[in-house]
Amino acid sequence: MLLNYEAELKSAILHARLADDPTNKKAAAEKAWRDDDIEDLSEDDAEAEPAPNNSVVVIRSIGNSTTSEGKRVSVEFQKFVQRGLPLPAASDLSIARMQLVSEFPWVGSVADDILNRLVGRGHVYVRPTILVGSPGCGKTRFARRLIEELQTPYELVPCGGLSDSAVGGTARRWSSGEPSLAIMAVRRHECAGPAIILDEIEKVGTGRHNGNVHDVLIGLLEKETSRRWFDPYVEANCDLSHVSWLMTANEVGSVSAVLKDRCRILRFPEPGPDQLPLLASRILERLYLEAGHDPRWGTPLEGFELAALAGNWPGGSIRKLERLVEKLVEARERHWGRQ
């Protein structure tokens, strides 16, 4: 028995080392970057549990409140200082899973991986997670629908051209001064635990001439530092440890190692050709809605139409399938116009 365990242990450690070896290109391409199945019961997570009333004081004070700028910020945040804000209550996870799997049947394992870690919690908190998949495979929409099904307020932020000040905030002394992204989400939704979805995190610049988004995010993703996050606009420590961070990426090769080390990285699969009837029908319905028509009046896809789509879409990017369905609708309208 001991020999069997030793062999299994050596094999597991070897696979882990190969997966983390940056010179192993095949492993780097295929790595799902999953944590162990054992739930993380670290001291930080235990300390982050909210008070029994399920509320958290995010802003306890306004720094330098006697200055002219401080007085202005005090007025701006007066309803949040020393006020306990609610956390998003846990919803029925079985219903959320059923809905997600019906919309994204090719990613049931990803949905399970995230939802299983919410079992038994009194409120919604998704550990920092990056969904990695090819362009157009549906990961951004899945991230949005996941948070919606969890009934959690959220912000969806495209990362192309995103600056460090947009995430970490800007000092109030500047005319462009503004709170950090998380504080703005807390203020907008009046919730201590909103979700922030960063779309295509790999598009964030890595230069450090004017600061770096990855460096700012590191502090927000760590429980210890996010619980005492110093916001340059509020000029005080804020508790942002209950904010959920969900990111998408087409690849993670350009994402800094320290940022990846603080996230769970899940491989997001592409839809296969067996998903064609479902996806094409939904795209067709959406096109009718966008055109101002009742989708119930739309003619379902005929067998030969599905065959034509299947001959040109072997699976993969949903955006490519959308363009094909658009061409199909145009062909339909031309045909009907001649009758």
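Residues numbered from 1 in each chain as written. Predicted model: local features only at pLDDT ≥ 70, side-chain atom pairs only at ≥ 80, totals over all residues. Heavy atoms only, no water.

Visitor: Which residues make up the pairing of strand S8 (residues 244-249), and what are the values?
Guide: With respect to burial, S8 is a largely interior element, six of its six residues being buried. Residues Ser244, Leu246 and Thr248 point to one face of S8 and Trp245, Met247 and Ala249 to the other, with burial holding for every one of them. As judged from the four bridges shared by strand S3 (residues 129-132) and S8, these two strands associate in the parallel manner. Within S8, the position partnered with Ile130 by the bridge is Met247. Looking at chain direction, strand S5 (residues 195-199) and S8 are connected through four bridges and run parallel. When the sheet's bridge partners are listed, Leu198 is paired in S8 with Met247. (Buried < 20%, exposed > 50% of the residue type's maximum accessible area, 1.4 Å probe, protein only. Helix = DSSP H or I, 4+ residues; strand = E, 2+ residues; numbered from the N terminus. Pairing = 2+ DSSP bridges.)

Visitor: Please set out helix H10 (residues 213-221) residue by residue, giving values where relevant.
Guide: Burial analysis of H10 places eight of its nine residues in the buried class, which makes it a mostly covered element. Of the residues making up H10, those classed as buried are Val213, His214, Val216, Leu217, Ile218, Gly219, Leu220 and Leu221.

Visitor: Could you give an account of the packing of helix H5 (residues 93-103) against helix H7 (residues 139-149), naming the residues involved and the relevant values?
Guide: Where H5 meets H7, the closest approach of the two axes is 10 Å, and the angle between their N-to-C directions is 155 degrees. For the element pair H5 / H7, the angle class is roughly antiparallel. Regarding H5 and H7, the two cross each other, and that crossing is right-handed. Every residue of H7 that contacts H5 at Ile95, Ala96, Gln99, Leu100 and Glu103 is listed here: Arg141, Phe142, Arg145, Leu146 and Glu149. Residues that form the contact of H5 with H7 fall into these classes: five nonpolar, one polar and four charged. (Axes fitted to C-alpha atoms, helices over the stretch in contact; angles between N-to-C directions. Parallel < 35°, antiparallel > 145°, perpendicular 65-115°, else oblique. Left-handed = near helix turned anticlockwise from the far one by under 90°. Contact = heavy atoms within 4.5 Å. Nonpolar A, V, L, I, M, F, W, Y, C, P; charged D, E, K, R; others polar.)

Visitor: Which residues make up the nonpolar core, and what values go with them?
Guide: Counting residues in hydrophobic clusters, the biggest one holds 45 residues, and the most contacted among them are Leu198, Ile201, Leu240 and Trp245. Elements supplying a minimum of two residues to this core: S3, helix H9 (181-189), S5, H10, strand S7 (236-238) and S8. Sequence-distant contacts of Trp245, that is, excluding residues within four places in its chain, are made with Val126, Arg127, Pro128, Thr129, Ala182, Ile196, Leu198, Leu217, Leu220 and Leu221. Ranked by size, the runner-up nonpolar core spans 39 residues in total, among them Leu93, Phe268, Leu287 and Leu309. (Core = buried A, V, L, I, M, F, W, Y, C linked by side-chain atoms within 4.5 Å.)

Visitor: Lay out the pattern of salt bridges in plain terms, naming residues and giving numbers.
Guide: Side-chain pairs of opposite charge can arise where the charged atoms are in close proximity. A full pass over the atoms with the stated rule returns 21 salt bridges. Note that Arg187 and Glu76 form a salt bridge whose closest N and O atoms lie 2.4 Å from each other. Of this pair, Arg187 sits in helix H9 while Glu76 sits in helix H4 (residues 68-76), and the two are 111 residues apart along the sequence. You can call Arg187 partly exposed: its relative accessible area is 24%. Residue Glu76 is classed as partly exposed on the basis of its relative accessible area of 31%. Where salt bridges share partners, they join Glu103, Arg141, Arg144, Arg145, Glu148 and Glu149 into one cluster. (Salt bridge = Lys/Arg side-chain N within 4 Å of Asp/Glu carboxyl O.)

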